[in-house]
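Given next are the chains, with one letter for each unit.
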Amino acid sequence: MTTREKLNALLSEMGRGSKTRLAEYLNVPNNYITRWLSYDDYGVPRDRLHAIAKFLGVTTDYLLDEGQEV
């Protein structure tokens, strides 16, 4: 499972408004989160992974290890 797939799954588990809350937590526009999750041209920025992992309650290793499932 890719980082993007894990991020999508974890945000879905958090429920409605989780993308907006993540955007606020990272202090980025909401459409950035949508881009990271939806388009191949945009990946999840490596410099934001630690903060994203903290928000989701997982480790950066978990997000990066494609061998681990949600």
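In this report, we go over the structure that sits alongside the text. Please read these numbers as outputs of a predicted model, since none were measured by experiment. Residue positions are given per chain, counted from 1 along the sequence in the order it is written. Given that this is a predicted model, residues contribute local features only at a pLDDT of at least 70 and side-chain atom pairs are listed and counted only at 80 or more, while totals for whole chains, interfaces and linings are drawn from all residues. As a convention, hydrogens and water are excluded, and side-chain values are obtained from all of the structure's heavy atoms.

1. Focus: the environment of Leu 64
- A run of H or I in DSSP counts as a helix once it spans at least four residues, and a run of E counts as a strand once it spans at least two, with each numbered from the N terminus. Inspection of the secondary structure assignment puts Leu 64 in helix H5 (residues 60-64).
- Classification of residues uses two cut-offs on accessible area relative to the type maximum, computed with a 1.4 Å probe and protein chains only: under 20% is buried, over 50% is exposed, and between them is partly exposed. Residue classification places Leu 64 among the partly exposed positions, given a relative accessible area of 38%.
- Residues Leu 64 and Glu 5, spaced 59 residues apart in sequence, show a C-alpha to C-alpha distance of 11 Å.
- Any pair of residues with heavy atoms lying within 4.5 Å of one another is described as a contacting pair. Not counting residues up to four positions away in its chain, the partners in contact with Leu 64 are Thr 3, Arg 46 and Leu 49.

2. Structural notes on unusual backbone geometry
- The phi angle at Asn 27 is positive, at roughly 60 degrees, despite the residue not being glycine.
- Locating Asn 27 in the fold gives a position in the loop between helix H2 (18-26) and helix H3 (30-38).
- The class of Asn 27 is exposed, set by a relative accessible area of 70%.

3. Some words on the packing of aromatic side chains
- When the centres of two rings from Phe, Tyr and Trp lie within 6.5 Å, Trp using its six-membered ring, the rings pair. Their planes under 30 degrees apart give stacked, over 60 give edge-to-face, and anything left gives tilted. For the structure on display, the rule yields 1 aromatic pair.
- On the numbers, 5.3 Å between centres and 45 degrees between planes, the contact of Tyr 25 with Phe 55 is tilted. Taken together, the residues Tyr 25 in helix H2 and Phe 55 in helix H4 (residues 49-56) connect sequence positions 30 residues apart.
- The exposure class assigned to Tyr 25 is partly exposed, which follows from its relative accessible area of 40%.

4. Comments concerning H2
- All of the buried residues along H2 are Ser 18, Leu 22, Ala 23 and Leu 26. Taken down its axis, H2 places every buried residue within 140 degrees of arc, on the same side.
- Next to the buried residues of H2 lie helix H1 (3-14), H3 and H4.
- Phi for Asn 27, located one or two positions after H2, is positive at around 60 degrees. Relevant arc is that of directions from the helix axis to the C-beta atoms, nothing else.

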